Every structure is written in C-alpha cells, then in structure tokens.
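# Tertiary structure, described
Here are the chains, one letter per residue:
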Amino acid sequence: MNSATEMTLWIVGVVGATSLASYVVGSRSLGLSTTDLSAALKRMLDCIGTILIFTVLNLAIGAAAILGARFLIGRFVSLYFLNDDTWVVLSALQGLTWALWRQAGRSRRSISRRT
Amino acid sequence: MGNSATPMDSPLVCSLRPAMRTLARVPTLLGLGVIALFVVSAFTPMANVLAQSVAVHPEIAPADAIVVLAAGGASSSGALSDNSLRRAISGIDLYLKGLAPLLVFSGNDPDASRAESRIRAHLAQEFGVSPQRVLTSSGANTTREEAAQVKGLLWPRGVRNILLVTDADHMIRAAPLFTHAGFRVFAVPVNEPEWDLGPGDRLDLLRGTLREIVALLYYKIAGYL
C-alpha cells in the first residue's frame with residue numbers, strides 16, 4: 001500500500017471513529033434525538049453554503065478592486081493577493097455568523113408562532 | 001403552517017413567500033455541493049486528472065536560451081523561496097547539460113538584498129556557469145510583463161527558441177504567453193504533480209490548477225493571448 005492511500009485510510013478511519021463515538025455519546029449518554037441530528041446536518045450545510053457565498057463575494061469584490069486599482073488609478077496590485085488562505089478563514093467567520101444569525105431569527109419566529 | 005399568512009402580510013409579501021423559501025434553500029444546496037466537491041477532490045484522483053488534462057507536457061530539446069521565470073522573490077536575508085530555488089536549480093541543470101548557451105533569470109527585485117534575479121545569477125556562478133552566459137531580467141509584475149521583458153532582452157540577440165522553466169501549474173499560462181510573444185517554447189515544468197498524493201496535496205493541486213485556468217481565461221478575455 002502506498003503512503004498516500006495509507007494516509008487517506010488513517011484520516012477516514014480516525015474521523016469515522018470519532019464521528020461514530022460522538023453519535024453514540026450524543027444519542028445514548030446525552031439523550032439527543034436522531035431527528036435533531038438531521039436538522040443539525042441541514043444547518044451545517046446551510047452554514048457551509050453561506051460561507052461559500054461570502055468567499056465568492058469577497059474574492060469577486062477583491063478581484064474587481066485590484067483590477068480597478070490597476071486600470072483606473074494605474075497602481076499595480078497583484079492578483080496573487082487573492083491566493084491567501086486568510087480570505088477563506090475570514091469569509092468563514094462572516095458566513096458562520098450570518099448563517100447562525102439567520103437560523104437564530106428563524107428559531108425565534110417559529111417559537112413565537114407556536115406560543 | 002408554513003403557508004399560512006398572518007393578517008399583517010400584504011398580498012405582495014404572500015406572493016413573494018414561495019420565491020423567498022426557494023432562495024432560503026440555496027445555501028443548503030450549495031453546502032451540499034461543497035461537501036461533495038471536497039470529498040471528490042480530496043479522496044479521488046479528480047485533481048490529478050484535471051491537472052493532467054490542462055498540463056503542458058515537457059519538451060526538452062536544444063534551444064538558444066534557458067529562461068527561468070520568477071517565483072516569489074527572496075527573503076530579506078537573501079534566501080530564495082522554495083519555488084524560486086527549485087526553478088533556478090532546474091535551469092542551471094539544463095545549462096550544465098549543454099542544452100542552451102544562455103541562461104536567463106527573471107526575478108522580483110524590490111531592493112538589493114531581495115534581488116531574486118541577481119541571487120539566482122550568483123547561485124549559477126557558484127555551480128560553475130560563466131557570468132557571461134547569464135542574463136537577468138527584473139521589474140516585471142506579471143507573467144505577461146515577464147514575457148515582454150524577456151523578449152526585449154533576447155530578441156536583439158537573435159534568440160527565438162527557448163527552454164522555459166517554471167512550475168507545472170504556472171506553465172499552463174506561461175507557455176502560451178511566451179509563444180504569443182513570438183518564441184518557440186520548449187516547456188520544462190518543474191515539480192510535476194505526482195499521482196500518489198494525500199488528500200491535502202490533492203486539494204492544493206486542485207487549487208493551483210483552478211487558479212491557472214481562471215488566470216488563463218482572464219488573459220484570453222483581456223486579449224493578452
């Protein structure tokens with residue numbers, strides 16, 4: 001077996017094992033419901049999608065600003081600035097905050113509708 | 001329940017509600033797409049297949065000059081970046097094999113201590129390359145400007161055939177640019193992607209390949225190619 005395949009198996013194995021363990025702890029020890037797990041997965045996907053939207057938005061505005069600086073002001077700014085990992089990390093913080101904010105608002109509305 | 005309108009809702013709000021509900025589902029669907037793309041990119045050879053399909057294949061042949069493109073400059077202590085060093089060593093190796101009589105180092109030279117092109121030229125001399133056989137080019141901000149500068153340097157010397165040395169992903173854009181500048185290009189991509197990659201390396205490969213594809217599209221749209 002080559003080292004890359006071995007590495008993949010290690011990663012998948014460890015993450016799979018901790019996922020299973022946390023499911024067992026959550027459902028048996030903490031009494032969390034399986035229905036809530038599917039709702040949590042849906043919210044997680046919502047957060048990731050929102051992060052993607054913020055990432056694309058930030059990179060598009062960044063690219064437009066760089067090209068604008070080049071062609072309008074005549075100042076060279078490298079497009080490689082968009083290659084920095086910080087864009088994704090900050091976009092993730094923005095996206096998470098936005099998605100959780102929206103989810104919190106939705107939860108509050110659904111509670112007030114029920115009462 | 002979800003469709004029930006409150007007395008406060010105007011007809012406009014009611015009519016927009018289905019559209020808003022569909023729009024609210026977009027992030028979830030995008031999230032699903034991101035997870036699917038992540039799994040396919042990290043755990044299958046998709047990144048390798050894509051990189052291979054757009055790669056410029058090596059073509060090592062005798063030429064008039066070896067052109068080594070800039071890569072990330074040098075540190076304030078004068079140390080070349082990993083990419084810059086790898087490209088420089090590859091260029092020196094081609095010269096020492098007698099594939100061309102001239103070695104050109106392009107570089108990002110913001111000041112004397114970080115003069116990538118001169119540090120590379122000095123390195124070549126350390127390996128026994130005659131200073132008369134080494135040319136340097138600096139001040140270009142983009143690959144397109146590098147092509148124009150190298151043309152200005154080599155065209156008067158009658159150089160038309162070049163061995164172009166750069167990273168495999170950067171070669172996707174660099175080779176067409178130098179061809180467009182009028183050179184016959186023999187591509188010498190350094191650090192070609194391996195098939196035996198771990199998940200993190202596959203994601204890096206995909207990112208590098210996509211970046212160059214986007215850059216190539218931009219160059220085509222801007223009319224540089």
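Residues numbered from 1 in each chain as written. Chains lettered and ligands numbered in written order. Predicted model: local features only at pLDDT ≥ 70, side-chain atom pairs only at ≥ 80, totals over all residues.

### Regarding the overall build of chain A
To keep things clear, this is the line we draw: Helix and strand assignments follow DSSP, with helices taken as H or I runs no shorter than four residues and strands as E runs no shorter than two, numbered in order from the N terminus. For a compact globule the rule gives 2.2 Å times the number of residues to the power 0.38, and the radius of gyration it is set against comes from C-alpha atoms. Residues with at least 20 neighbouring C-beta atoms inside 10 Å of their own are called buried, those with 12 or fewer are called exposed, and the rest are partly exposed, where every C-beta is derived from the backbone. By the criterion used throughout, residues are in contact when their C-beta atoms, derived from the backbone, lie within 7 Å.
Scanning chain A from N- to C-terminus turns up three helices and zero strands. If you list the helices and strands of chain A from N to C, you get α-α-α. Compactness check: chain A gives a C-alpha radius of gyration of 21 Å against a globular reference of 13 Å for 115 residues, more than 25% above the reference. By principal-axis analysis of the C-alpha atoms, chain A measures approximately 65 × 60 × 15 Å. Sorting the 115 residues of chain A into buried and exposed places 10% on the buried side. Counted over contacts in chain A with a minimum sequence separation of 6, partners at least 24 positions apart contribute 64%.

### Quick look at the pairing of strand 5 (residues 184-190) of chain B
Residue and element names in this part refer to chain B. Short version of the rule: Strand pairing is assigned whenever DSSP detects at least two bridges linking the two strands. Seen with its strands pointing away from the viewer, a crossover is right-handed when the path leading from the first strand over the helix to the second is clockwise.
With six of its seven residues buried, strand 5 lies for the most part within the structure. As paired strands, strand 4 (residues 161-167) and strand 5 are joined by seven bridges and run parallel to one another. Residue pairing across strands places L164 opposite A187, the latter belonging to strand 5. You can see the chain leave strand 4, run along helix 6 (residues 168-180) and come back into strand 5, and the turn it takes is right-handed.

### Topic: the packing of helix 2 (residues 34-73) of chain A against helix 3 (residues 86-114) of chain A
The description of two helices packed together rests on the angle between their axes and the distance between the axes. Residue and element names in this part refer to chain A. Just so we agree on the cut-off: An axis is simply a line fitted to the C-alpha atoms; with a helix, the fit covers only the stretch in contact. Between two such axes, the angle follows the N-to-C directions and lies from 0 to 180 degrees. In these notes the angle categories are as follows: under 35 degrees is roughly parallel, over 145 is roughly antiparallel, 65 to 115 is roughly perpendicular, and the rest is oblique. By convention the crossing between two helices is left-handed if the near helix lies anticlockwise of the far one by an angle smaller than a right angle, and right-handed if it lies clockwise. Under the convention adopted here, Pro, Cys and the residues Ala, Val, Leu, Ile, Met, Phe, Trp and Tyr are nonpolar, Asp, Glu, Lys and Arg are charged, and Gly plus all remaining residues are polar.
At a closest axis distance of 7 Å, the pairing of helix 2 and helix 3 adopts a crossing angle of 130 degrees. Here helix 3 runs oblique to helix 2, going by the angle between their axes. The element helix 2 and its partner helix 3 pack so that their crossing is right-handed. Of the residues in helix 3, those touching helix 2 at R43, D46, C47, T50, I51, I53, F54, T55, N58 and L59 are W87, V88, S91, A92, Q94, G95, L96, W98, A99 and Q103. Class assignment for the residues of the contact of helix 2 with helix 3 results in 11 nonpolar, seven polar and two charged.

### Here's the deal with the environment of I53 of chain A
Along the polypeptide, I53 of chain A turns up in helix 2. Accessibility expressed as a C-beta count within 10 Å gives 19 for I53 of chain A, which makes it partly exposed. When residues no more than four places from it in sequence are discounted, the contact partners of I53 of chain A are G95 of chain A together with P27 and L30 of chain B.

### Points about the domain arrangement of chain B
For clarity, the cut-off: Residue ranges assigned to each domain were obtained from an automatic or database domain assignment.
Segmentation of chain B into domains returns domain 1 (11-43) and domain 2 (54-221). Centre-to-centre separation of domain 1 of chain B and domain 2 of chain B, based on C-alpha positions: 43 Å.

### Things to note about the confidence of the model for chain B
All names here are of chain B. Threshold: On a range of 0 to 100, pLDDT expresses the predictor's confidence in each residue.
Chain-level pLDDT for chain B is 91 on average; 96% of the residues reach the 70-or-more range. Confidence, read as mean pLDDT per element, is least for helix 1 (residues 11-43) in chain B (89) and greatest for strand 1 (residues 65-68) (98). Under a pLDDT of 50 for its full length, residues 1-5 has, in the predicted model, one contact with residues more than four places off or in other chains. Reported for the predicted complex are a pTM of 0.83 and an ipTM of 0.86.

### Digging into the interface of chain B and chain A
Between chain B and chain A, the residue contacts involve 16 residues of the former and 18 residues of the latter. For the side of chain B that touches chain A, the secondary-structure elements that each account for two or more residues are helix 1 and helix 7 (199-221) of chain B. The greatest single-element share of the side of chain B that touches chain A, amounting to 10 residues, is contributed by helix 1 of chain B.

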